[in-house]
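Overview (structure and organization)
The chain contents come next:
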Amino acid sequence: MFSKSRINEPGPKAGETEKPKAAEAPVSKPTMDFTPSAPKGKVAASVLSADLTVVGNLRTTGDIQVEGTVEGDIRAHLLTVGETATIRGEIVADDIVVNGRVIGRVRGLKVRLTSTARVEGDIIHKTIAIESGAHFEGSVQRQDDPLATGRTPAPQSRVITQPAEPVEE
């Protein structure tokens, strides 16, 4: 039943049994399983916590969630202003969701003021949504490209082209 020839077989057969083990030894499978769950290019939003105060401008091509205080301008892809947040400065982003307080100009392709929003400043947008309960003081202006740099000209509808009629007393 037992033979010495099987125990003392030449190396190639023993190498063949070790080759599959060597192929399984690299830990490439868990890495491949992890890759689809975290798509490349998608980075988590940067979060500024409620106890943080930033004095200066913020600029990113990613997303920012502000819960604290920022005294400066913010430029981002997606900006979420938390309920506890206060921003004093201009904010410019593709998408802006305001839950907290903004004192300054807001420029975005898509701007949303939730019911807890408090905005003191002009809003320049492509699309806007203002929920019931939001507090807003300023003007609203629609533009096809609100992210264009520089000051925006006054809308033509505000220019008075005819002299006012005298008021009789």
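In this text, all values refer to a predicted model and were calculated from it rather than measured experimentally. (Residues numbered from 1 in each chain as written. Predicted model: local features only at pLDDT ≥ 70, side-chain atom pairs only at ≥ 80, totals over all residues. Heavy atoms only, no water.)

1. Remarks on the pattern of salt bridges
Tallied over the full model, the rule gives five salt bridges. The shortest N-O distance in the salt bridge between E90 and R105 comes to 2.9 Å. Here the residue E90 occupies a position in the loop between β7 (86-88) and β8 (91-98), and R105 occupies one in the loop between β9 (101-103) and β10 (106-113), the gap between them amounting to 15 residues. Relative accessible area serves as the criterion here: at 18%, E90 is assigned to the buried category. (Salt bridge = Lys/Arg side-chain N within 4 Å of Asp/Glu carboxyl O. Helix = DSSP H or I, 4+ residues; strand = E, 2+ residues; numbered from the N terminus. Buried < 20%, exposed > 50% of the residue type's maximum accessible area, 1.4 Å probe, protein only.)

2. A word on the sheet that holds strand β5 (residues 69-71)
With respect to topology, six strands assemble into an open sheet ordered β2-β5-β7-β9-β11-β13, the strand pairing being parallel. Each of the sheet's edge strands pairs with one partner strand only, and the pair in question is β2 (53-55) and β13 (135-137). Across this sheet, the average inter-strand angle for adjacent strands is 5°, counted without regard to direction. (Pairing = 2+ DSSP bridges. Axes fitted to C-alpha atoms, helices over the stretch in contact; angles between N-to-C directions.)

3. Brief notes about the nonpolar core
V66, I74, L79, I91, V98 and V106 are the most contacted members of the largest nonpolar core, which totals 22 residues. Excluding anything up to four places from it in sequence, L79 contacts I64, V66, I74, I91, A93, D95, I96 and V97. (Core = buried A, V, L, I, M, F, W, Y, C linked by side-chain atoms within 4.5 Å. Contact = heavy atoms within 4.5 Å.)

4. Comments concerning the pairing of strand β6 (residues 74-81)
Sheet topology note: the strand β3 (residues 58-59)/β6 ladder contains two bridges and is parallel. Within the sheet, the bridge partner assigned to L58 lies in β6 and is I74. With four bridges joining them, strand β4 (residues 63-66) and β6 adopt parallel strand pairing. What sits directly across from V66, in β6, is V81. Both β6 and β8 contribute to a ladder of seven bridges, which runs parallel. Among the inter-strand pairings, L79 is bridged to a residue of β8, identified as I96.

Any functional reading would require information that these geometric values do not contain.
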